[in-house]
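These are the residues of each chain, in order.
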Amino acid sequence: MMMTAPPSATSTTQTQHLVYGNSSENPKESSVSTTLCLSSCEDPKKRKRNPDDPATVSCTPNDTRLTKKERKTKRMRNLSSEERETDEWYGVSTELTLFKDPWILKKVLTPSDLGPLSRLLLHTRPTEDHIIKYLNKDDQIKVHEGLGITVDVYDHDTDSTFQLLLKRWTTLNGYVLNGGWRMYLVRKRCLKKGDEIGLLWDRFASRLHFRVLSRAQEP
């Protein structure tokens, strides 16, 4: 039978020997590992496996494997309704396509648009859907009664702003822009028959955007 010496007379080496001697467990199995594991959600047996293997456990977000176009599409699908409306007016589609032509109102100029009456005749339905519906109630009444409202018009090509009168032309049951149309645009921009122009209503700044999209081909 092994006799245990008093603690004061026992060396460190002997103490360690007696502890292991009286233990029924294997010292290697009962030891505590001090190895640092940087990922607690990954099976150690799978760390050396191919990262492309679908069975491999990984904490890395899947977005890192998406292409730039796929990440952009995923982001747009998660936009709120308010964010979608904010993007729509500037021509950014948040649905299936990534781009939409911002110049919703387009027109190929006719002789009547360039004549002495000094007015641009607008298509009725597009004007109501993309301009009139975003005006306040008082302005809508003024437009429909023929009194009209003054709107700021920003010319993208010349970086200039001027004012025109938007009103409903009751005789033709349509809408027109006048009150300086011929002076500010027809003459200064040298507009001719066959030129195509684009209009866009900025409902946040309450102004109209204008641009010459294409010129008529010379005969």
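The shown structure was predicted, so the numbers you read here are calculated from the model rather than taken from an experiment.

**Here's the deal with the environment of Trp 169**
Here comes step 1: When you line up the elements, Trp 169 lands in strand 4 (residues 160–169).
Here comes step 2: Assessed through its relative accessible area of 26%, Trp 169 is described here as partly exposed.
Here comes step 3: Separated by 48 residues in sequence, Trp 169 and Leu 121 place their C-alpha atoms 8.8 Å apart.
Here comes step 4: In this view, Trp 169 contacts Arg 119, Leu 121, Gly 174, Tyr 175 and Val 176; residues no more than four positions away in its chain are not counted.
Here comes step 5: Of the polar contacts made by the side chain of Trp 169, one reaches the side chain of Thr 171; its length is 2.7 Å.

**A short note on unusual backbone geometry**
Here comes step 1: Notably, Asp 159 is not glycine yet its phi reads approximately 55°, a positive angle.
Here comes step 2: Mapping Asp 159 onto the fold places it in the loop between strand 3 (149–155) and strand 4.
Here comes step 3: You can call Asp 159 exposed: its relative accessible area is 57%.
Here comes step 4: A positive phi angle, close to 55°, is found at Cys 190, a residue other than glycine.
Here comes step 5: Note that Cys 190 resides in the loop between helix 8 (181–187) and strand 6 (196–202).

**Some words on the sheet that holds strand 7 (residues 207–214)**
Here comes step 1: Strands sit in the order 1-6-7-3-4-5-2 across an open sheet of 7 strands; the sheet is mixed. Looking at the sheet topology across the chains shown, the edges are occupied by strand 1 (105–108) and strand 2 (119–122). Strand-to-strand twist across the sheet, computed as the mean angle between neighbouring axes with direction ignored, equals 30°.
Here comes step 2: By the bridge criterion, 7 bridges tie strand 6 to strand 7 in an arrangement that is antiparallel. Residue pairing in the sheet places Leu 199 in a bridge with Phe 210 of strand 7.

**Some thoughts on the nonpolar core**
Here comes step 1: Within the largest apolar cluster, 27 residues are counted, with the highest numbers of intra-cluster contacts made by Leu 120, Leu 166, Leu 177, Trp 181, Leu 191, Leu 199 and Phe 210.
Here comes step 2: For this core, the elements supplying multiple residues, two or more each, are strand 2, strand 3, strand 4, strand 5 (174–178), helix 8, strand 6 and strand 7.
Here comes step 3: The contacts of Leu 199, once residues within four sequence positions are left out, are Trp 103, Ile 104, Leu 105, Leu 120, Leu 122, Leu 177, Leu 208, His 209 and Phe 210.

The rules behind each value
Residues numbered from 1 in each chain as written. Predicted model: local features only at pLDDT ≥ 70, side-chain atom pairs only at ≥ 80, totals over all residues. Heavy atoms only, no water. Helix = DSSP H or I, 4+ residues; strand = E, 2+ residues; numbered from the N terminus. Buried < 20%, exposed > 50% of the residue type's maximum accessible area, 1.4 Å probe, protein only. Contact = heavy atoms within 4.5 Å. Polar contact = N/O pair within 3.5 Å; in protein donor to acceptor, adjacent residues only side chain to side chain. Pairing = 2+ DSSP bridges. Axes fitted to C-alpha atoms, helices over the stretch in contact; angles between N-to-C directions. Core = buried A, V, L, I, M, F, W, Y, C linked by side-chain atoms within 4.5 Å.

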